[in-house]
Amino acid sequence: MNFDLQRNVSLKRFNTFGVEALARHFVRIDSMAQLAELRAHPLWSEGPRLIIGGGSNLLLTRDFEGLVVQIAITGRDLARVEDSDWVVQAGAGENWDSFVRWTLASGWPGLENLALIPGSVGAAPIQNIGAYGVELKDRFDALEGMDVETGQVVTLNKEQCRFGYRDSIFKGDLKSRIVITGIRFRLPKNWQAVLDYGDIRSELTQRHLTQPSAQDVADIVTAIRRAKLPDPAVIGNAGSFFKNPVVLAEQHSLLKTHHPGLVSYSQPDGGFKLAAAWLIDQCGWKGRSLDGRAAVHDRQALVLVNRGGASGADILALAHAVQDNVRQRFEVELEPEPVIV
Ligand code: EPU
């Protein structure tokens, strides 16, 4: 056996909320070959399985009575150079932010708006991570993984991944079916900075930058994130806990009539994306807690934090209270972003 199966492992350091939960069985996988071997092991099909990366989009509400598999496949490379793009690849277990910084240092811009997002490369496509006007799908080429039903190695291109806002086929039809092992990105030689986001524009003005480099954008994004979002290494959290809900034009105009301050963004399909942080903030939740342990972050109402000692159940109870409140006040349903186990 080429891997180390462990029993009763604490998952505290494998989830960025920092909540305590035990894995009945735990294994770290470093290669596709190990994954194939694990798939043939009796424990693989004996009970439930949970595949994790950096644990930054995960809320554990109980011990896991099955097999937890941490994908730790590393490696990053320039795969090929095309006329218009650099095609860059990375193992699923690479840390996302280090990968982004490596691409920038290598002179391949394109991922700078996604700097400092916690988590691993392999988890990024599942929820199509996005920030400050760029989504993973905008720079994505293809991914490689194992279809755990057939054991075959598969490659999926952008279209096949069916990316949407914080969504992909890996949350839908292919849920739990594909273990992502590596990703290829397409970084444009004809790079142009994406600077549409209000926060970025004001930082540019403050820094007197008119033609920022990709590194400048990464620095700005890093500064904005540090100012608003809690560092999971210091205070447990999983970034935005809810997605920004999208509503139909009719509901939007009704909401706007009753709540003129509503923050929303029109969508190409005619709908409107609502700033969930605003809805939560309006309900008075910012900085509040039910039990002193699980709290709504005091600088970004969309982020739930573990002030210390919170269980996953405490965080879930807080999430439910926030959802109830927003539903009562705005008749809007907030959908959690992290995987809840
Ligand atoms: N706002 C409030 N109160 C708050 C925070 C924000 O009223 O406490 C309002 C403000 O009007 C603000 C608006 O909400 O302009 C939007 O806030 P922000 O710019 O912080 O972005 P967001 O919609 O809350 C999304 C992503 C973030 C991403 C930022 C920047 C989702 C679920 N979240 O947050 O992603 O970093 O935009 O692009 O789409 C994540 O997914 O974990 C994440 C952090």
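Conventions adopted
Each chain carries its own residue numbering, running from 1 in the written order of its sequence. The model is predicted, so local features are restricted to residues of pLDDT at least 70 and side-chain atom pairs to those at 80 or more, both for listing and for counting; the totals for chains, interfaces and linings are taken over all residues. Derived side-chain values reflect all non-hydrogen atoms in the structure, with water molecules and hydrogen atoms excluded from consideration. Segments assigned H or I by DSSP are reported as helices when at least four residues long, segments assigned E as strands when at least two residues long, and all are numbered from the N terminus. To sort residues, take the accessible area from a 1.4 Å probe on protein chains only and compare it with the maximum for the residue type: under 20% means buried, over 50% means exposed, and anything in between is partly exposed. Only heavy atoms enter the contact rule, under which two residues are in contact if any of them lie within 4.5 Å. In short, Shrake-Rupley with a 1.4 Å probe defines the accessible areas, and a residue's cover is counted only from the protein chains shown. Under the counting rule used here, the positive set is Lys and Arg, the negative set is Asp and Glu, and His together with the chain ends is not counted. Charged groups are reduced to one reference atom each: NZ for lysine, CZ for arginine, CG for aspartic acid, CD for glutamic acid. When DSSP finds two or more bridges between two strands, those strands count as paired. Note on definitions: angles span 0 to 180 degrees between N-to-C directions of axes, and those axes are lines fitted to C-alpha atoms, for helices only across the stretch in contact. Angle categories: roughly parallel below 35 degrees, roughly antiparallel above 145, roughly perpendicular from 65 to 115, and oblique for all the rest. Take the far helix as your reference; a near helix turned counterclockwise from it by less than a right angle gives a left-handed crossing, and one turned clockwise gives a right-handed crossing. Polar here means any residue outside two lists: the nonpolar Ala, Val, Leu, Ile, Met, Phe, Trp, Tyr, Cys and Pro, and the charged Asp, Glu, Lys and Arg; Gly therefore counts as polar. Between 30 and 60 degrees the pair is tilted, below 30 it is stacked and above 60 it is edge-to-face, where a pair is any two Phe, Tyr or Trp rings, Trp via its six-membered ring, whose centres lie within 6.5 Å. Only when the NZ of Lys or the CZ of Arg is both within 6 Å of the ring centre and within 35 degrees of the ring normal is a charge said to sit over the ring. Near, as used in this document, describes a residue that has one of its heavy atoms within 4 Å of the molecule or strand being considered. Think of a polar contact as two N or O atoms within 3.5 Å of one another; within protein, one of them needs to be a possible hydrogen donor and the other a possible acceptor, and neighboring residues in sequence only count if both atoms come from side chains.

The number of helices and strands found in the chain is 9 helices and 19 strands. C-alpha atoms of the chain, sized along the principal axes, occupy 60 × 55 × 35 Å. By the burial criterion, 49% of the 341 residues in the chain qualify as buried. Sequence separation of at least 24 residues holds for 61% of the intrachain contacts in the chain that already meet a minimum separation of 6. Here the chain displays about 15,800 Å² of accessible surface, and carbon together with sulfur accounts for 47% of that area. Computing the positive centroid from 37 side-chain charges and the negative centroid from 40, the chain places the two 3 Å apart.

All right, on to the sheet that holds strand 12 (residues 178-188) then. On the basis of which strands lie adjacent, the open sheet formed by 5 strands has the order 6-7-12-10-11 and antiparallel pairing. Only two strands of the sheet have a single partner each, and these edge strands are strand 6 (76-81) and strand 11 (152-157). Here the strands of the sheet are splayed against their neighbours by 20° on average, with no regard to which way each runs. Where strand 10 (residues 140-147) lies against strand 11, 6 bridges are found, and the strand directions are antiparallel. Bridged to Glu-144 within strand 11 is Thr-155.

With that out of the way, let us pick up the side chain of Ser-120. Topologically, Ser-120 is positioned in the loop between helix 3 (96-105) and strand 8 (130-131). Leave out the neighbours within four places in its chain, and Ser-120 touches Gly-53, Gly-54, Ala-92, Glu-94 and Trp-96.

With that out of the way, let us pick up unusual backbone geometry. Positive phi, normally seen in glycine, also occurs at Leu-116, with a value near 70°. Within the secondary structure layout, Leu-116 lies in the loop between helix 3 and strand 8. Classification of Leu-116 by relative accessible area gives partly exposed; the value is 21%. You will see that Ser-176, though not glycine, has its phi angle at about 65°, which is positive. As for its position among the elements, Ser-176 is in the loop between helix 4 (158-161) and strand 12.

A word on the packing of helix 5 (residues 198-206) against helix 6 (residues 214-228). Contact geometry for helix 5 and helix 6: axes closest at 10 Å, N-to-C directions at 115°. Classified by the interaxial angle, the pair formed by helix 5 and helix 6 is roughly perpendicular. Note on packing geometry: the crossing formed by helix 5 with helix 6 is right-handed. Where helix 5 approaches helix 6, its residues Asp-199, Ile-200, Glu-203 and Leu-204 are matched on the opposing element by Ile-220, Val-221, Ile-224 and Lys-228. Classifying every residue of the contact of helix 5 with helix 6 by side-chain character gives 5 nonpolar, no polar and 3 charged.

Right, let's talk about the packing of aromatic side chains for a bit. Applying the stated rule across the entire model yields 11 aromatic pairs. An aromatic cluster is built from Trp-96, Phe-99, Trp-102, Trp-108 and Phe-185, whose rings are joined through pairwise contacts. The ring of Tyr-165 carries the charged tip of Lys-273 above its face, separated from the ring centre by 3.5 Å.

Let us look at the site of the ligand. In the vicinity of the ligand, 25 residues are found, and the nearest of them are Tyr-132, Tyr-165, Tyr-197, Asp-281 and Gln-300. Within the backbone of Ser-240, an N or O atom sits 2.8 Å from an oxygen atom of the ligand. Contact with the protein chains hides 82% of the accessible area of the ligand, taken as 820 Å² for the molecule alone. For the shell around the ligand, the secondary structure elements donating two or more residues are strand 8, helix 6, strand 13 (236-240) and helix 8 (276-282).

The next subject is the pairing of strand 6. Where strand 6 meets strand 7 (residues 85-91), 5 bridges bridge the pair, whose relative direction is antiparallel. Its bridge partner lying in strand 7, Val-81 is registered against Trp-86. Hairpin connection between strand 6 and strand 7: a loop of 3 residues separates the two successive antiparallel strands.

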